[in-house]
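Observations on the model geometry
Read off the chains here:
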Amino acid sequence: MKKEIASILCATALTCSAGAASIPDFSDVRPSDWYHDAVNYVCENGLMNGTSDTAFSPNATTSRGMIVTILYRLAGSPDMPESNWGYPYADVDTNAYYSAPVYWARMNDLVTGYSDTQFGPNDAITREQLTAILYRYDTYRGHTPQGSAALDGYADAASVESWAAEAMSWANGNGLVTGVTPTTLVPNGTAPRAQVAVILSRYTDQ
């Protein structure tokens, strides 16, 4: 999988602000941080970028628009003729960086909007939403997702929504998403940028 994205440039990454920066320039990513190597990987491969020339903002939330853009890049940025986009989302500006990825994700059943007119591109992604989208993306790539784990060892396993249960089990069984603590998954919690970088690096390393 890593070979598939080796040619993606950081200049086409999905952040909303500064241009590409090398990880030594980030004052908030230290070599001792648990997410250091993952941040280095996603930046080198153009999947994520800094929020400025000197910051990655590892604890900032990741939006729904950002996640679908990441996967759109991983898929090679498929051509999206506007005539194929279908019904419009009122909250998705066609000039936004995430516009084509949002409609690509919908057309390929990776994610849907809250309704036919609302997608929520700037809403923070939750951990279970992220795993469900990644699970669908794995299927989109032609894979049959393999491996799963029982989640009943986590005290909050019952809070995983039914639509995300299979995906969360798959993600946990493959080591993509582990507990926030040894006993909690926090499926409805947000997925900060550092977590997303780690999950992406684990997934593309498979």
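The structure we're discussing is the one just above.
Residues numbered from 1 in each chain as written. Predicted model: local features only at pLDDT ≥ 70, side-chain atom pairs only at ≥ 80, totals over all residues. Heavy atoms only, no water.

1. Focus on the packing of helix 2 (residues 64-74) against helix 6 (residues 193-204)
As a packed pair, helix 2 and helix 6 sit with axes 13 Å apart at the nearest point and diverge in direction by 25 degrees. Regarding the angle of helix 2 to helix 6, the classification is roughly parallel. Crossing handedness for the pair helix 2 and helix 6: right-handed. Listed contacts from helix 6 to Ile67, Ile70 and Leu74 of helix 2 are Val196, Leu200 and Thr204. (Axes fitted to C-alpha atoms, helices over the stretch in contact; angles between N-to-C directions. Helix = DSSP H or I, 4+ residues; strand = E, 2+ residues; numbered from the N terminus. Parallel < 35°, antiparallel > 145°, perpendicular 65-115°, else oblique. Left-handed = near helix turned anticlockwise from the far one by under 90°. Contact = heavy atoms within 4.5 Å.)

2. Quick word on the pattern of salt bridges
One pass over the full model with this rule turns up two salt bridges. Among the salt bridges present, the one from Arg141 reaches Asp138, with a minimum N-O distance of 3.5 Å. A relative accessible area of 24% means that Arg141 is categorised as partly exposed. (Salt bridge = Lys/Arg side-chain N within 4 Å of Asp/Glu carboxyl O. Buried < 20%, exposed > 50% of the residue type's maximum accessible area, 1.4 Å probe, protein only.)

3. Examining the side chain of Asp138
With respect to the helices, strands and loops of the structure, Asp138 is situated in helix 4 (residues 127-140). A polar atom in the side chain of Asp138 sits 3.2 Å from the side chain of His143. Look past the residues within four positions of Asp138 in its chain and what remains in contact with it is His143, Pro145, Trp170 and Tyr203. (Polar contact = N/O pair within 3.5 Å; in protein donor to acceptor, adjacent residues only side chain to side chain.)

4. Quick look at the packing of helix 2 against helix 4
Here helix 2 crosses helix 4 at 20 degrees, and the two axes come no closer than 11 Å. Relative to helix 4, the element helix 2 is oriented roughly parallel. The way helix 2 lies across helix 4 gives a crossing that is right-handed. Between helix 2 and helix 4, the contacting residues are Arg64, Ile67, Leu71 and Leu74 on the first element and Gln129, Leu130, Ile133, Leu134 and Tyr137 on the second. Considered class by class, the residues forming the contact of helix 2 with helix 4 number seven nonpolar, one polar and one charged. (Nonpolar A, V, L, I, M, F, W, Y, C, P; charged D, E, K, R; others polar.)

5. Some details on helix 5 (residues 162-173)
Between its terminal C-alpha atoms helix 5 stretches 17 Å, which fits the 16 Å expected from twelve residues at 1.5 Å a residue. Here helix 5 has its buried residues at Ala164, Ala167, Met168, Ser169, Trp170, Ala171 and Asn172. Looking at the packing, one finds that the buried side of helix 5 touches helix 4 and helix 6. Positive backbone phi, at 75 degrees, marks Gly175, one or two positions downstream of helix 5. (Expected span 1.5 Å × (residues − 1).)

6. Describing unusual backbone geometry
The phi dihedral of Ser57 is positive, around 60 degrees, even though this residue is not glycine. You can see Ser57 is positioned in the loop between helix 1 (36-44) and helix 2. For Ser57, a relative accessible area of 22% corresponds to the partly exposed category. Even without being glycine, Asp109 reaches a positive phi, approximately 60 degrees. Within the secondary structure layout, Asp109 lies in the loop between helix 3 (99-107) and helix 4.

7. Quick word on helix 2
Because each turn of an α-helix spans 3.6 residues, side chains separated by three or four positions end up pointing in the same direction. Counting buried residues in helix 2 gives eleven out of eleven residues, a clear majority hidden from the surface. Those residues of helix 2 lying buried are Arg64, Gly65, Met66, Ile67, Val68, Thr69, Ile70, Leu71, Tyr72, Arg73 and Leu74. Here the buried face of helix 2 lies against helix 3, helix 4 and helix 6. Where helix 2 ends, the next residue or the one after it, Gly76, has phi of about 90 degrees, a positive value.

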